[in-house]
Amino acid sequence: METKEGTYLSSCGLDCGSRCILKVRVEGGRVTRITTDDQPGPGLKACVRGLGQREVLYAEDRLTVPLKRTGPRGSGQFAPVSWEEALNEIAGKLQRVKEQHGPQSVFLMGYSGSFGALHNTGRTGTGRRFFSLFGGCTTTWGSTSAEAALFASMTTFGTPFNQNSRDNLLHSKLIILWGWNPLETRFGPDTLHYLMEAKKKGTRILCVDPRFNPTAKLLEAQWIPIRPATDTALLLAMAQVLIDEERYDHRFIETHTFGFEVFKDYVMGLEDGQAKTPAWAEPLTGVPAQTIVQLAREYVLSKPAALCSGWAAGRTAYGEQFHRAAITLAAMTGNIGVIGGHVAGGTDFEALGALPGLPMPKSRFPLVHVSELYDLLLKGQAGGFPSDVKVLYILGCNLLNQWQNINKGIKALECPELIVVHDLFMTPTARFADFVLPVAHFLERQDIGQPWVGGPYNIVMEKAVEPRPQVKSDLAIFTELASRLGIAGYNEKTEEQWLREFVSAVPGFPNYDELMEKKIHFHPVQSPRVAFQKEIADPANHRFGTPSGKIEIYSQKIAEMQNPVLPPVPKYIEPWEGPLDLLAQDYPFQLISPHARTRINSSLDNIPKLKALADDDLWLNPADAAKLGVSPGEEVRIYNERGAMIRRAKVTERIRPGVVSLDAGAWYRPDEQGVDLGGCVNILTIDKKSPAGAFPCNSCLVQISRHELETK
Ligand SMILES: Nc1nc2c(c(=O)[nH]1)N[C@H]1C(S)=C(S)[C@@H](COP(=O)(O)OP(=O)(O)OC[C@H]3O[C@@H](n4cnc5c(=O)[nH]c(N)nc54)[C@H](O)[C@@H]3O)O[C@H]1N2
Ligand SMILES: Nc1nc2c(c(=O)[nH]1)N[C@H]1C(S)=C(S)[C@@H](COP(=O)(O)OP(=O)(O)OC[C@H]3O[C@@H](n4cnc5c(=O)[nH]c(N)nc54)[C@H](O)[C@@H]3O)O[C@H]1N2
Ligand SMILES: [Mo]
């Protein structure tokens, strides 16, 4: 059966940083063209990745049949098998391990592949529902993306919803892009539009980043190059200036915050004898003391000002301190709850547009942090983990590629008795599976798109084409496994019936038929929308959701955790694998791994049209290149005790000395010695969690040498 000729509406329901309109032209049962929103204004305009989805759908390397491993794990040797055989074997194994070792011997690694309301590979998704009914399983805690920001928001404000709508930027007198690069990472479809409008109005724009990132370049921002993972020191020194010069907003601090005095004592050195002055911060951060003084003054004097941070500075050792400190600075400058201000470390808008997803019957789900998965697999209960993993069940995740420390990962993936992967492609992770099950692309199924930290709107995701004959959705695969395991009630509804149920469960949502008619629904909101406006305008009647009812610069909740590296007020803690780590003597470069313009994490790396646009070179400062004797474009070896890779050097002033940068997400491709030739940065990163759960992939020391010399 073919879908009808015409234009269908959809949206990438992926972890891409936005949620945009895709107009999908279908002729003769095939997608012939994808275009996007052509209205003037901010709109919901797709990027190269959305417009490239036709190439994904029809990629030559799309998996089309279930595969069973025939060679050693990781060898990539597979043979096609029938669905019947694959599902029977998987169901049989699940049943046996459950009987012998309990359901927690299954580890579910459902991650960021698909974010649709129904077809969701994450924590509200099809896999999670299946294992809820199975009797539970072990799974993950901690967001690889924004755990530091989330922790900071929850402890400081008592809510994850702390964002202002982007049109606020038109009212800001100063915008600081603090480790934020929305030209590439998007952070909502309208962000760049408003930044460019602000620029046109003459708004001053600064950028604090180890790189002069593409957004900063486009907006001609003034660049303040910083060493990775030292941002908290810079923020503390700014606080010291504001206290010392009596410039901070005393009224705001007194009226709206809790525990400032404790922070002040720490910053002024009364607690530990060290005032956190610009002179103290200069050698740590690499930012000149005078620049710090100017930055502090400018931030406090340009009211309202938006210190907008991305999440990367939080994906460092003790990254949670960064977001706590940045929020404190926003409070000291009175930029919370006001039009044109901004809460640094933003996580979410109010969840308008979020649908409830599949119901999750209560079950036991022991949790292991995302940075500790390989230790779980290697050590199990003997190592203090909640379970001994027998079955590793992966969907919507390129685990081996995207998780820290690939060489340890390869050893860890030897451990489970069975590994199952659902994916569209033979990813580096899928190569380690025993069964690889081919899944449908989002244009082959029906769903509703929910905003990615943004909105507030929903886009209907119409099924544009029939799935390839042997390909199934995750939902269909789990439905069949459920029936083999005698699990009743997993999925007795059609896609439409589920979506109707989700939509009717949310008060204020349009009726399902109306939504299908309109295809895009904007939830009515005031404009501009400002988080905490009521709490700041009328504190007597609107308290924050914290124990004190105020913005908690000092958090009693954190104090009760009694963890010396989780102080109750934000503090600078010398990061591991930072410039002062002893390791830096052998591995002197700090390596960061930003998100790539042409990929969604590792997704799309295999799509030639997008790969041709990727920047997969190692950014290296000319001074460092000269010291190493490296010429532009030359191949270098990047290595540490965990692994090694070969990349071409992009010699550029746009990265500060001592720091190198390689976009995350290129697919791991080892040579016979295990040296990665594909450009997968996680061959080098350490699998260690930050105390509050941040995924510190940007704290990574490496050494660099000329590849030519190495091979001689
Ligand atoms: N094109 C594209 N967009 C995406 C994604 C994608 O893969 N591709 N992924 C989406 C997802 S899942 C997420 S979580 C978000 C990620 O969003 P972010 O975490 O905000 O994005 P990154 O690109 O990792 O980093 C943003 C900037 O921070 C800088 N940076 C790195 N380390 C530090 C530091 O220690 N201090 C400071 N000040 N700056 C630092 C980098 O140089 C970069 O310019 O992006 C989303 N959007
Ligand atoms: N060094 C370093 N590592 C990082 C980061 C970093 O900044 N630096 N960022 C981290 C972050 S923020 C994130 S979010 C993670 C992301 O890491 P992952 O969650 O592993 O994301 P992807 O690499 O996009 O892999 C998703 C997979 O899902 C598949 N997929 C797509 N749709 C579906 C579907 O409907 N069903 C199924 N079963 N599969 C589907 C895709 O083909 C793809 O292979 O990476 C983290 N890793
Ligand atoms: Mo992410």
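Residues numbered from 1 in each chain as written. Chains lettered and ligands numbered in written order. Predicted model: local features only at pLDDT ≥ 70, side-chain atom pairs only at ≥ 80, totals over all residues. Heavy atoms only, no water.

What follows covers the site of ligand 1. For ligand 1, the set of nearby residues contains 36 residues, the closest of which are Glu184, Asp209, Asp231, Arg599 and Asn601. One of the backbone N or O atoms of Arg597 is found 3.5 Å from a nitrogen atom in ligand 1. In the complex, 99% of the free accessible area of ligand 1, which totals 920 Å², lies under the protein chains. (Near = heavy atom within 4 Å. Polar contact = N/O pair within 3.5 Å; in protein donor to acceptor, adjacent residues only side chain to side chain. Areas by Shrake-Rupley, 256 points an atom, 1.4 Å probe, with all protein chains shown as cover.)

Turning our attention to the sheet that holds strand 16 (residues 435-438). The strand order across the open sheet formed by six strands is 5-4-16-15-14-6, and the pairing between neighbours is mixed. In the strand order of this sheet, the two ends are held by strand 5 (78-80) and strand 6 (106-110), each with one partner. Each strand of the sheet is rotated relative to its neighbour by a mean of 15 degrees, with strand direction disregarded. Contacting strand 6 and strand 14 (391-395), helix 4 (residues 126-134) runs over the sheet at an angle of about 160 degrees to strand 6. Helix-sheet contacts for helix 18 (residues 474-484) involve strand 14, strand 15 (418-423) and strand 16, and the interaxial angle to strand 14 is about 150 degrees. (Pairing = 2+ DSSP bridges. Helix = DSSP H or I, 4+ residues; strand = E, 2+ residues; numbered from the N terminus. Axes fitted to C-alpha atoms, helices over the stretch in contact; angles between N-to-C directions. Contact = heavy atoms within 4.5 Å.)

Should their charged atoms come close, side chains of opposite charge can pair. Under the counting rule described, the total for this entry stands at 40 salt bridges. With a shortest N-O distance of 3.6 Å, Lys23 and Asp38 are connected by a salt bridge. Of this pair, Lys23 sits in strand 2 (residues 22-27) while Asp38 sits in the loop between strand 3 (30-35) and helix 1 (48-51), placing them 15 residues apart in sequence. Linking Asp375 and Lys379 is a salt bridge whose minimum nitrogen-to-oxygen distance equals 3.5 Å. Taken together, the residues Asp375 and Lys379, both in helix 15 (residues 373-379) and four residues apart, mark about one turn of the helix. Relative accessible area serves as the criterion here: at 13%, Asp375 is assigned to the buried category. (Salt bridge = Lys/Arg side-chain N within 4 Å of Asp/Glu carboxyl O. Buried < 20%, exposed > 50% of the residue type's maximum accessible area, 1.4 Å probe, protein only.)

Right, let's get into the site of ligand 2. In the region of ligand 2, 33 residues are neighbours, and Ser112, Gln402, Asp423, Ser602 and Ser603 sit closest. At 3.2 Å, a side-chain N or O of Arg315 approaches an oxygen atom of ligand 2. Within the complex, the protein chains bury 97% of what would otherwise be the 920 Å² of accessible surface of ligand 2. A per-class count over the shell around ligand 2 returns eleven nonpolar, 17 polar and five charged. (Nonpolar A, V, L, I, M, F, W, Y, C, P; charged D, E, K, R; others polar.)

Taken domain by domain, the protein consists of domain 1 (6-57), domain 2 (67-141 + 365-441 + 469-499), domain 3 (148-349 + 531-561) and domain 4 (582-711). Between the C-alpha centres of domain 3 and domain 4 there is a distance of 29 Å. With 26 residues of domain 3 in contact, the opposing surface of domain 4 contributes 23 residues. By the criterion of area lost to domain 4, the three top residues of domain 3 are Arg211, Pro228 and Arg315, representing 35% of everything that side buries. There are zero salt bridges connecting domain 3 and domain 4. Across the contact surface, domain 3 and domain 4 share eleven residue pairs in polar contact (both at pLDDT 80 or more). Within the side of domain 3 that touches domain 4, the residues separate by chemical class into 13 nonpolar, seven polar and six charged. (Domains from an automatic or database assignment. Buried area = accessible area lost by both parts, 1.4 Å probe.)

Here we come to the nonpolar core. What tends to happen in soluble globular proteins is that the nonpolar side chains get buried as a cluster. Core analysis: the largest hydrophobic core is formed by 70 residues, its most contacted members being Val24, Leu94, Val106, Phe130, Phe131, Tyr393 and Leu481. Looking at this core, the element that brings in the most residues is helix 3 (residues 83-101), giving seven residues. Among the nonpolar cores identified, the runner-up in size contains 60 residues, and Ala237, Ile292, Phe532 and Ile536 belong to it. (Core = buried A, V, L, I, M, F, W, Y, C linked by side-chain atoms within 4.5 Å.)

Turning to the packing of aromatic side chains, a few remarks are in order. What describes a pair of aromatic rings is the distance from one ring centre to the other and the angle between the planes of the rings. Tallying each qualifying case throughout the model produces 28 aromatic pairs. Ring centres 5.0 Å apart and planes at 85 degrees place the aromatic pair Tyr111 and Trp403 in the edge-to-face group. Remark: Trp403 occurs in the loop between helix 16 (399-402) and helix 17 (406-412) and Tyr111 occurs in the loop between strand 6 and helix 4; sequence separation between them is 292 residues. In terms of burial, Tyr111 and Trp403 fall into one category: buried. A network of ring pairs unites the aromatic residues Phe130, Phe131, Phe134, Tyr393, Phe478 and Tyr490 as a single cluster. Lying over the aromatic face of Phe134, Lys98 brings its terminal NZ or CZ to 4.7 Å of the ring centre. The positively charged end of Lys472 is found above the aromatic ring belonging to Trp83, 5.0 Å away from the centroid. (Phe/Tyr/Trp six-rings, centres within 6.5 Å; stacked < 30°, edge-to-face > 60°. Lys NZ or Arg CZ within 6 Å of the ring centre and 35° of its normal.)

What follows concerns helix 14 (residues 319-332). Relative to the 20 Å expected for 14 residues at 1.5 Å per residue, helix 14 spans 20 Å between its end C-alpha atoms, a close match to the ideal helical length. Helix 14 sits mainly inside the fold: 14 of its 14 residues count as buried. Once helix 14 ends, the next one or two residues include Gly334, with phi positive near 65 degrees. (Expected span 1.5 Å × (residues − 1).)

Among the structural elements, Thr215 can be located in helix 8 (residues 214-218). If we ignore the near neighbours within four places in the chain, the residues touching Thr215 are Leu177, Trp180, Asn181, Pro182, Leu183, Glu184, Leu192 and Leu195.

Spatially, four strands are ordered 10-9-8-12 in an open sheet, and the strand pairing comes out parallel. Both edges of this open sheet fall to strand 10 (222-224) and strand 12 (305-309), since each of them pairs with a single strand only. In this sheet, neighbouring strand axes are inclined to one another by 20 degrees on average, regardless of whether the strands run parallel or antiparallel. Packing against the sheet, helix 9 (residues 231-244) makes contact with strand 8 (174-178), strand 9 (204-208) and strand 12, and its axis sits at approximately 150 degrees to strand 8.

For the rest of this paragraph, the subject is the environment of Ala430. Within the secondary structure, Ala430 sits in the loop between strand 15 and strand 16. Separated by 31 residues in the primary sequence, Ala430 and Leu399 place their C-alpha atoms 9.0 Å from one another.

Okay, unusual backbone geometry next. Here the residue pair Lys303 and Pro304 is connected by a cis peptide bond, since its omega of -5 degrees sits within 30 degrees of zero. Looking at where Pro304 falls in the secondary structure, it is placed in the loop between helix 13 (289-301) and strand 12. Positive phi, close to 70 degrees, is recorded for Lys519, a residue that is not glycine. As for its placement among the helices and strands, Lys519 is situated in the loop between helix 20 (512-518) and strand 19 (520-522).

Take the environment of Glu89 next. As for its position among the elements, Glu89 is in helix 3. Look at Glu89 and you get partly exposed, because its relative accessible area is 35%. Not counting the four nearest positions on each side in its chain, Glu89 is found in contact with Lys68 and Phe435.

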